[in-house]
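Here are the chains, one letter per residue:
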Amino acid sequence: MTWIHACTVQQVPEDEGFRVPTTPPIAVFRVADEFFAVGDTCTHDEFSLAEGYLDGDVVECPLHMARFCLRTGKVLAPPAIIPLETYPVRRDGDDLFVDVPERTDDR
Amino acid sequence: MPENHARVVVVGASLAGVHTVRALRAREYAGEIVLVGAEPGAPNGVAVDRPALSKGYLTDPDPSAAPLLSPTELADLDVRLVRGPAVDLDLGTRHVVLHEGRLVEFSALVVATGSTPRTLPGVEPRQGVHTLRTLADATDIRAACTPGSRVVVIGGGFIGAETAWSARALGCTVTVVEMLPTMMQRGVGPVLGEAFTRRYAAAGIDLRMGTGVAGIEGSDRAEAVRLTDGSRLAADVVVLGLGTRPETSWLNGAGLDLRDGVVCDERLAARGARDVFAVGDVVRWRNPRYGEDTRVEHFTNAVETAGVVATNLTGGDQWHDALPYVWSDQLDSRLQVFGRIRPQDELHVVQGDLDGSFVAISGGDGALQGAVGFGAVRQLMPYRRLLASGASWDEARALADGGLKLPRFRSQVGL
Ligand SMILES: Cc1cc2nc3c(=O)[nH]c(=O)nc-3n(C[C@H](O)[C@H](O)[C@H](O)COP(=O)(O)OP(=O)(O)OC[C@H]3O[C@@H](n4cnc5c(N)ncnc54)[C@H](O)[C@@H]3O)c2cc1C
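Treat the numbers as computed from the prediction; the structure is a model and nothing was measured.

## Considerations on the UniProt feature "domain: FAD/NAD(P)-binding" (unreviewed entry) in chain B
In the numbering used here, UniProt assigns the "domain: FAD/NAD(P)-binding" (unreviewed entry) feature to residues 7-306 of chain B. Each end of residues 7-306 of chain B is marked by a C-alpha atom, and these two atoms are 17 Å apart; helix forms 24% of the span and strand 29%.

## Some words on the sheet that holds strand S14 (residues 224-227) of chain B
All names here are of chain B. Read from one edge to the other, the open sheet built from 3 strands follows the order S13-S14-S15, with strand pairing classed as antiparallel. A single partner strand is all that each edge strand has here, and the edge strands are strand S13 (213-217) and strand S15 (232-234). Sheet twist, expressed as the mean angle between neighbouring strand axes with direction ignored, is 20 degrees. The sheet contact formed by S14 and S15 spans 3 bridges and is antiparallel. Across the sheet, Ala224 pairs through a bridge with Ala234, a residue of S15.

## Section: the side chain of Thr163 of chain B
Position of Thr163 of chain B relative to the elements: it lies in helix H5 (residues 158-169). If sequence neighbours within four positions are ignored, Thr163 of chain B has contacts with Ser54, Leu58, Leu132 and Val239 of chain B.

## A short note on the domain arrangement of chain B
Residues and elements named next belong to chain B. Looking at chain B, the domain boundaries give domain 1 (7-116 + 245-313), domain 2 (119-242) and domain 3 (332-400). Each of domain 2 and domain 3 has a C-alpha centre, and these two points are 29 Å apart. Opposite the 12 residues of domain 2 that make contact, domain 3 presents 12 residues. Both sides of the domain 2 and domain 3 interface together cover about 1,000 Å² of buried area, and 69% of this is carbon and sulfur. By the criterion of area lost to domain 3, the three top residues of domain 2 are Leu192, Phe196 and Arg199, representing 47% of everything that side buries. Linking domain 2 to domain 3 there are 1 salt bridge.

## Brief notes about empty space enclosed by the protein
Evaluation of the coordinates by the stated rule reveals 1 cavity of 30 Å³ or more. Its boundaries defined by the atoms lining it, the largest cavity holds a volume of some 40 Å³. Contributing to the lining of the largest cavity are Pro62 and Met65 of chain A together with Gln336, Phe338, Val377, Leu380, Met381 and Arg384 of chain B. Tallying contributions element by element places helix H8 (residues 377-388) of chain B first for the lining of the largest cavity, with 4 residues. A per-class count over the lining of the largest cavity returns 6 nonpolar, 1 polar and 1 charged.

## A few points about the site of the ligand
Residues and elements named next belong to chain B. Lining the immediate surroundings of the ligand are 32 residues, of which Ser14, Glu39, Arg50, Lys55 and Arg133 lie closest. The separation between an oxygen atom of the ligand and a polar main-chain atom of Ala16 is 2.9 Å. At a separation of 2.6 Å, an oxygen atom of the ligand approaches a polar side-chain atom of Glu39. In the complex, 94% of the free accessible area of the ligand, which totals 1,000 Å², lies under the protein chains.

## Some words on the nonpolar core
Residue and element names in this part refer to chain B. If you look at the biggest cluster of nonpolar residues, it comprises 76 residues, and the most contacted ones within it are Val9, Leu89, Val96, Leu109, Val111 and Val262. Top element by residues in this core is helix H7 (residues 299-313). It accounts for 7 residues. Taken domain by domain, the makeup of this core includes at least three residues from each of domain 1 (7-116 + 245-313) and domain 3 (332-400). Dropping the residues within four chain positions of it, Val9 is found in contact with Val34, Val36, Val96, Val104, Glu105, Phe106, Ala108, Leu109 and Val110.

## Some remarks on the pairing of strand S11 (residues 173-178) of chain B
Residue and element names in this part refer to chain B. The element S11 is largely enclosed, with a buried count of 5 among its 6 residues. The sheet contact formed by strand S10 (residues 150-154) and S11 spans 5 bridges and is parallel. Residue pairing across strands places Val153 opposite Val176, the latter belonging to S11. Pairing of S11 with strand S12 (residues 206-209) involves 4 bridges; the strand directions are parallel. Bridge pairing in S12 places Glu178 opposite Met209. One crossover worth recording links S11 to the parallel S12 by way of helix H6 (residues 185-202), and it is right-handed.

## Observations concerning H7 of chain B
Helix length check: H7 of chain B (15 residues) gives 22 Å between terminal C-alpha atoms against 21 Å at 1.5 Å per residue, within 8%. Of all 15 residues in H7 of chain B, 14 are buried, a share of seventy percent or more.

## What to know about the interface of chain B and chain A
The accessible area lost on association of the parts is a frequent measure of interface size. Taken together, the contacts link 20 residues of chain B with 15 residues of chain A. Contact between chain B and chain A buries roughly 1,600 Å² in total, counting both sides, with carbon and sulfur atoms accounting for 55%. Linking chain B to chain A there are 2 salt bridges. The partner of Glu60 of chain A in a salt bridge is Arg384 of chain B, with the nearest N and O atoms 2.3 Å apart. At the boundary of chain B with chain A, the tally comes to 6 residue pairs in polar contact (both at pLDDT 80 or more). Those elements that place two or more of their residues in the side of chain B that touches chain A are helix H1 (15-26), H7, strand S22 (325-330), strand S23 (333-339) and H8 of chain B.

## Here's the deal with the packing of H1 of chain B against H7 of chain B
Residue and element names in this part refer to chain B. Put simply, H1 and H7 touch, their axes get as near as 8 Å, and they point 35 degrees apart. For the pair H1 and H7, the sense of crossing is right-handed. Contact with H1, carried on its side by Leu15, Ala16, His19, Thr20, Ala23 and Leu24, involves Phe299, Ala302, Val303, Ala306, Gly307, Ala310 and Leu313 of H7 and no other residues of that element. Taken together, the residues that form the contact of H1 with H7 break down as 10 nonpolar, 3 polar and no charged.

So, how was this worked out
- Residues numbered from 1 in each chain as written.
- Chains lettered and ligands numbered in written order.
- Predicted model: local features only at pLDDT ≥ 70, side-chain atom pairs only at ≥ 80, totals over all residues.
- Heavy atoms only, no water.
- UniProt positions renumbered as here; feature names shortened; annotations may be inferred.
- Helix = DSSP H or I, 4+ residues; strand = E, 2+ residues; numbered from the N terminus.
- Pairing = 2+ DSSP bridges.
- Axes fitted to C-alpha atoms, helices over the stretch in contact; angles between N-to-C directions.
- Contact = heavy atoms within 4.5 Å.
- Domains from an automatic or database assignment.
- Buried area = accessible area lost by both parts, 1.4 Å probe.
- Salt bridge = Lys/Arg side-chain N within 4 Å of Asp/Glu carboxyl O.
- 1 Å grid on protein atoms, 1.4 Å probe; cavity = no way out; pocket = protein on both sides within 12 Å on 5 of 7 lines; lining within 4 Å.
- Points joined across faces, edges and corners; volume = space filled by probe spheres on them.
- Nonpolar A, V, L, I, M, F, W, Y, C, P; charged D, E, K, R; others polar.
- Near = heavy atom within 4 Å.
- Polar contact = N/O pair within 3.5 Å; in protein donor to acceptor, adjacent residues only side chain to side chain.
- Areas by Shrake-Rupley, 256 points an atom, 1.4 Å probe, with all protein chains shown as cover.
- Core = buried A, V, L, I, M, F, W, Y, C linked by side-chain atoms within 4.5 Å.
- Buried < 20%, exposed > 50% of the residue type's maximum accessible area, 1.4 Å probe, protein only.
- Right-handed = clockwise from strand over helix to strand, strands pointing away.
- Expected span 1.5 Å × (residues − 1).
- Left-handed = near helix turned anticlockwise from the far one by under 90°.

Structural data, given as structure tokens:
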């Protein structure tokens, strides 16, 4: 696992996510004063969840309305059936760091 | 009190049927589940996700499409998949009759047999004339649409328009014939329909609007389409995009109320029967949102009805009153419609313009009735919330003019 600098606190909007252009991309969300990092691509169809609809700690994909819990990645509404990847977030002053798995070449 | 159903039988293994079995297990239904599959051309009778079949599956250089249920998921869900079709229903003894005469007993039945493409009355099926519903249909169309071939799409609705665009992307010469004066009129109304018609024409598709089909020429394969205005279109490939009819033929005479679908109450329970429900394209239900009987042939409705029925089968009591939603890919961008666009309603473009990305809202009877976005996924979202909250038409327009917080247009990244 490697901690990478994802963004600053100010870069994360109130009502949507910030997309970190890693491979695969990661979306960082703010829920009150907590921050969460999850896989950015909806597991049902290709769409950036950073552009999704944020409601509490739930994000909804605006294409087909799949919903995911930002804390656990769990699917809360179909059509998605595969949970989102979740990543640990660490805050250091105004900077947010995300713990991403080491990229392996066999994937 | 939750009723304990020992065995739920779901007939039809496509979007609505598959989501029903998933939703049952998600709600901790512990009884037996039998899923009857009969998708033509599918080895295990389970359909693939259909929306891609008129879009990426036709145009991607190396397309793939997997059945909606994998063997692993079937095992995880503990679902017994049996081969249909179902040919009859005995409500007295609570049996579904399968094609070989085999009987499957149920304590609750979910009808998920969807819909079947309409064909042209009086036109015999023949080589070169296609409908588009199954993976096999899409594979045939894809193979037939070789560069330079002349494709005539009959019907300019969502799927007809998508298919025409895909065929053009494959290098074909494409004509769309539509009875109504514009493309997609039923889906988006005349004003937006007119805008899309203009844009498709500008993109090089030959459009024959307000014209019917008199016949298809050719003895063993289609050679031309004759139109009611007297013109003749030479054709190598003809695709019928005429909409669908609910697949209830196997239920004829079983005692259910069948009138353009399985007629159900607000909870999606079939009228005149006990423990029989219907989901997806096949259900005509009393929609509490509009106070009328409705049938919807779109993806999200299939998923939502499955959830409602699973809830009602596991002791819940839920009505199906969700805000209607459909998306479609048009002209390399994404069209989304929330609510309903009725011919009598007013329409306002509230963001962008009809030659580019836009959001339009429609209203009537004092209420906001529908919202349409094109290439504007995020911009449309506040209007969806307004619709869901039952906003009045004046409120919606006032908000659009000023008060409403609207997200900015992002740089367009394809779909
Ligand atoms: C090409 C295409 C593109 C589409 N694109 C979009 C889109 O972009 N957006 C959108 O919202 N919607 C779209 N749709 C619509 C969407 O796919 C349908 O609403 C959805 O498939 C409905 O699901 P269903 O399970 O109710 O019915 P169906 O998908 O019709 O499935 C019914 C199943 O039941 C089986 N069956 C029928 N009779 C029997 C029997 N007697 N016994 C056993 N099994 C039986 C059938 O073989 C089939 O497998 C598209 C549809 C098509 C065909």
